[in-house]
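A look at the structure
Here's the letter readout for the chains.
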Amino acid sequence: MTSVDLLVKPLEGLSGELRPQPSKFYTQLAVCLAALAEGKSTLESPLNVRDTVSALKGVEALGAEVRRTRDKWVIWGVGLNLKPKGVIDVKNSATSLAALAPLASLAARVTVLTGDAQLRARRMVALLSAFRRLGLDIHSTKPDGSPPFVVFGGGLKGGKIEFHKSASLIHVPFLILPCPYAQKKVELCWSRVLSSPQLELTA
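Here is a short report on the structure shown in this document. Given the structure is predicted, the values throughout are model-derived calculations rather than measurements. (Residues numbered from 1 in each chain as written. Predicted model: local features only at pLDDT ≥ 70, side-chain atom pairs only at ≥ 80, totals over all residues. Heavy atoms only, no water.)

1. Points about the sheet that holds strand 1 (residues 38-44)
Spatially, the three strands line up as an open sheet ordered 1-3-2, and their pairing is antiparallel. Both edges of this open sheet fall to strand 1 and strand 2 (65-68), since each of them pairs with a single strand only. Each neighbouring strand pair of the sheet contributes to a mean axis angle of 10°, computed without reference to strand direction. Sheet analysis places strand 2 next to strand 3 (residues 72-78), joined by four bridges and oriented antiparallel. Note that in strand 3 the partner of R68 across the bridge is W73. In the packing of helix 1 (residues 24-36) onto the sheet, contacts are made with strand 1 and strand 3, and the angle to strand 3 comes to roughly 40°. Across the sheet, helix 2 (residues 50-61) is in contact with strand 2 and strand 3; its angle to strand 2 comes to roughly 145°. (Pairing = 2+ DSSP bridges. Helix = DSSP H or I, 4+ residues; strand = E, 2+ residues; numbered from the N terminus. Axes fitted to C-alpha atoms, helices over the stretch in contact; angles between N-to-C directions. Contact = heavy atoms within 4.5 Å.)

Right under this line is the structure:
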């Protein structure tokens with residue numbers, strides 16, 4: 001057996017540049033923020049996968065203007081001047097559905113959110129309940145609480161949401177997006193102390 005001696009010497013200083021790997025969650029969130037902004041937003045090095053592209057096409061269907069290349073997405077947001085164009089298909093992305101529904105509530109029109117066969121078979125009763133407590137006028141087209149969802153726009157009422165499971169935390173930033181435009185105070189409550197990257201981002 002050969003032995004190896006490893007000698008580690010401390011450095012006086014460390015410098016350089018580190019580019020993190022693109023994130024699906026942060027790309028979807030940035031797309032939604034850009035759609036609500038008024039003017040041009042540029043997303044550099046977005047994660048270009050099916051779920052993020054579904055979110056990008058979703059905000060485009062809500063009225064934002066989009067230009068996409070392999071390493072850069074440019075989005076011209078419309079603020080509250082959202083104008084849904086027909087049915088929005090998020091494919092298999094439940095996160096995109098959760099992100100686009102609150103945005104659609106700010107539009108002055110009715111929006112239908114659907115997906116592929118697998119997504120349409122997913123029961124989302126807890127998510128629908130959170131949306132309604134927030135003041136969204138949203139309904140499943142089926143009795144089991146699965147998509148397609150119909151969102152009646154016209155503004156966000158606001159309200160109180162209590163989270164009991166950490167699985168809900170990934171949707172918190174998307175639930176917060178329309179809150180500055182709510183008609184009354186929005187209150188988010190947790191029954192116990194929870195920690196997650198999504199919750200830290202929200203704070």
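Next comes the rest of the account.
2. Quick notes on the nonpolar core
Judged by nonpolar contacts, the single largest core of 52 residues is most densely connected at V31, I75, L100, L103, F131 and I138. Breaking this core down by element, the ones donating at least two residues are helix 1, helix 2, strand 3, helix 3 (94-104), helix 5 (125-134), strand 7 (149-152), strand 8 (159-163) and helix 6 (172-176). The element best represented in this core is helix 3, accounting for eight residues. Setting aside residues no more than four positions away along its own chain, I75 makes contact with V31, A34, A35, G39, K40, S41, L43, L56, A64, E65 and V66. (Core = buried A, V, L, I, M, F, W, Y, C linked by side-chain atoms within 4.5 Å. Buried < 20%, exposed > 50% of the residue type's maximum accessible area, 1.4 Å probe, protein only.)

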